[in-house]
Each structure stands twice: as structure tokens, then as C-alpha cells.
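Per-entry structural report
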Amino acid sequence: MGYLQGKKNAMMTIKDRYAVLGQPIKHSKSPRIHQLFAAQTGQLLSYHAREVPVEQFTTVVTAFFTEGGKGLNCTVPLKELAWNYADENTGRAKLSKAVNTLTLREDGVIIGDNTDGCGLVADLTVNHGIKLAGSRILILGAGGASRGIIAPLIEQAPYSLVIANRTIEKAVNLAAEFCDKGSVTGCGFAALAHQQYDLILNATSASLSDQLPPLPEGLIAENGICYDLAYGNQPTPFVRWGLGHGAAKSLDGLGMLVEQAAEAFFIWRGVRPDTQAVIELLNTERDP
Ligand code: NDP
């Protein structure tokens, strides 16, 4: 093989590099999802998962992009750090002050975006046919994931949105940031007693350690729906809680994961993958 042909072949097999960073990260299905998207759309890329503690975030991200990496997803507990790291943030990332997608633009500028909210709304409304307009929504948790989903949920015109968190001050402060956009209030879990909600979203990371936020009885309205942003091969503690407390549906965040990944894939590659096919496949791979 001639030198030029060899060089051309080598260049053709160089894959654009992407990764997801977080801690813990072992459970992540993102590499599988992006590989399925790549195969489905004929894109040549690699995508791996890497465990990164908070204190190593800046070093790891800088090295990744310096060495030619094209894009990163950031998950628990790195989203607020990613928002600070980006050279420029999109409108939805600015609103949420949390970034799950970093992209190296051609001119070397790193753009931060947040695809969690649109991923959640797509899963709720398109995949599950849930109507959000006029509904009473409760979000449990006030971390990076909550920040990302509040504005896209408000855009769906719910009747009210309550944020409840273990550290009450964080819920109250987060609600205050969005209260000019709709009826948004913040409180602790104990203050939820005697209230009912049409949709309860668990955006705490409690499921990751097999725990459940302390929730009062009678929280789920008639035909109410529970949705855990976390996901697993087995039903999460919150999904089980919903099923045991009369929810009409109790869902986990696998569909959201696929939808937010599809939006990131679109940002990076300019192609929209078929999410239904991937969700169906991942559902068949869950433990029986
Ligand atoms: P953060 O670390 O930013 O925030 C964690 C939140 O969970 C805080 O509000 C914290 O409360 C609360 N919390 C943690 N443990 C407990 C507990 N035992 N009881 C009650 N509250 C608790 O995490 P993120 O917001 O980034 O992620 C939250 C969850 O959402 C994770 O499970 C993540 O996997 C999931 N997620 C799923 C996505 C998907 O696509 N399906 C996308 C994004 C997130 P406090 O403030 O008091 O510490």
C-alpha cells in the first residue's frame, strides 16, 4: 500500500470522540445509546463513559478537548460545574444554570447546552401521551436535573409547579429564580402533607443509592402519574413507591435518557436518530 493510500485509510478510520462524565458512572446507558444512534444513522464516532470526581472535572475536560475530543455529556454531580466551564451557554442552559452537553465548536469555543428538559418533555408528552397543561406538578429535588427541567415544564403551562427538597433553602431559592414565569414554589418534604399532584417527578439522586425521599401519604391525585428521572434494570424505589400508592402510571427515566441523548446527538452530528427503536431495544434488555 502506498504512503498516501495508507494515510487516507488511517484518516478514514479516525473516529470523532465523545464521552459522558459523572460519578457514579458505571450504571450509565449513554455509551450504548450513542453507539445505537451512530449505527442507526451511519455516523462514525466513539463514545465512552468515564468516572470523574468533582475536583478532577476541569483537568479532565480541558485534556479531552485539547486532545481533539468533540463533545461531552456531564451527569451527576457535574452539571453545574459544566455550566461554569463552558465559554458560552445556550438560552436553555443559562435558564437552568446546569449543562449536560458540552460541544467544541469549529472556532475552538466550548458551548454548554442542557437537553434534559426537552428530553423529559418529549418522553412525557410524545412517548407517554401525558398532558401537562393545567396539571399540578411536584418536583422532588433541587439539584442539576431539577434546574434543567423547570423552564421546559413551565412552557407546557401547568396549573402549578412545586419543588420540594431535603435542603429546604435550595428548593425555595430555585423556585424564586423561576417564579416570574409561572406559579412556582419551593418547600421541604414535610410541607407536602395534605397536597395532591397529577404528576410527581423524582429528580433527587436518592434512587442511585436505593433510597426514597420521605414522602407523606395521599400525595398522588386520582389518575396521577409518578416518574423517576433515575432508571435501572429493575424498578427504582420511587417507581415501586408510585405503584404501591395508587399511581395510574409509574415510570422511570429511560425514555428521558434516550430523548436527551438524541438532542445531544443532533447538536453534535446534525442528524436526529429514531428514539422509539432505541427505547424499545433498551426495554427488552432490562432484567426479566
Ligand atoms: P444532584 O447531585 O445535582 O442533586 C441531587 C438532589 O437529590 C439534591 O436535591 C439532593 O438534595 C437530593 N437527594 C440526594 N439524596 C437524597 C435522599 N436520600 N433523599 C432525598 N433527597 C436526596 O443530581 P442531579 O440533579 O444531577 O440528578 C438527580 C437524578 O436525576 C439522578 O438520579 C440522575 O441520574 C437523574 N437524571 C436522569 C436523567 C435522565 O435522562 N433520565 C437526566 C438527568 C438526571 P440536597 O439538596 O438536600 O442534597
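Residues numbered from 1 in each chain as written. Predicted model: local features only at pLDDT ≥ 70, side-chain atom pairs only at ≥ 80, totals over all residues. Heavy atoms only, no water.

This part covers the overall build of the protein. Across its full length, the protein holds eleven helices and twelve strands. For the protein, the spread of C-alpha atoms along the three principal axes comes to 75 × 40 × 30 Å. Counting the 288 residues in the protein, one finds 51% classified as buried. Long-range pairs, those at least 24 residues apart, make up 66% of the contacts in the protein with a sequence separation of at least 6. Placing the 25 positive and 28 negative side-chain charges of the protein at their respective mean positions leaves the two points 5 Å apart. (Helix = DSSP H or I, 4+ residues; strand = E, 2+ residues; numbered from the N terminus. Buried < 20%, exposed > 50% of the residue type's maximum accessible area, 1.4 Å probe, protein only. Contact = heavy atoms within 4.5 Å. Lys, Arg positive; Asp, Glu negative; His and termini not counted. Charge placed at Lys NZ, Arg CZ, Asp CG, Glu CD.)

Quick look at the side chain of aspartate 252 now. Counting through the fold element by element, aspartate 252 comes out in strand E12 (residues 249–252). A polar contact is formed between the side chain of aspartate 252 and the backbone nitrogen of leucine 254, at a distance of 3.2 Å. Engagement of the side chain of aspartate 252 in a polar contact is seen with the side chain of arginine 286, the distance being 2.6 Å. Once residues within four sequence positions are removed from consideration, aspartate 252 is found in contact with Tyr227, Asp228, Ala230, Tyr231, Gly232, Val239 and Arg286. (Polar contact = N/O pair within 3.5 Å; in protein donor to acceptor, adjacent residues only side chain to side chain.)

Its domain assignment divides the protein into domain 1 (2–114 + 257–284) and domain 2 (117–252). Domain 1 puts 18 residues into the contact, and the matching count from domain 2 is 17 residues. Here domain 1 packs against domain 2, burying approximately 1,400 Å² in sum over the two surfaces, 61% of which is carbon and sulfur. Run the count over domain 1 and domain 2 and you get one salt bridge. A salt bridge links lysine 97 to glutamate 177; the shortest N-O distance between them is 3.5 Å. (Domains from an automatic or database assignment. Buried area = accessible area lost by both parts, 1.4 Å probe. Salt bridge = Lys/Arg side-chain N within 4 Å of Asp/Glu carboxyl O.)

Following the criterion strictly, the structure yields 13 salt bridges and no others. One salt bridge connects aspartate 252 with arginine 286, and the closest N-O pair in it is separated by 2.6 Å. Pair noted here: aspartate 252 is in strand E12 and arginine 286 is in the segment after helix H11 (275–284), with a separation of 34 residues, a long-range link. Residue classification places aspartate 252 among the buried positions, given a relative accessible area of 12%. Where glutamate 263 meets arginine 272, a salt bridge forms, and the shortest distance between an N and an O atom there is 3.1 Å.

Let us now look at the environment of arginine 136. Within the fold, arginine 136 resides in strand E7 (residues 136–140). Separated by 145 residues in sequence, arginine 136 and leucine 281 place their C-alpha atoms 32 Å apart. Beyond its immediate stretch of four places on either side in the chain, arginine 136 contacts Tyr159, Ser160, Gln196, Tyr197, Asp198, Leu199 and Ala221.

Packing of helix H2 (residues 30–41) against H11 leaves a shortest axis separation of 11 Å and a crossing angle of 135 degrees. It follows that H2 is oblique to H11 by the angle criterion. Where H2 crosses over H11, the two elements pack in a sense that is right-handed. Residues Arg32, Ile33, Leu36, Phe37 and Gln40 of H2 form the contact with H11, whose participating residues are Thr275, Ala277, Val278, Leu281 and Leu282. (Axes fitted to C-alpha atoms, helices over the stretch in contact; angles between N-to-C directions. Parallel < 35°, antiparallel > 145°, perpendicular 65-115°, else oblique. Left-handed = near helix turned anticlockwise from the far one by under 90°.)

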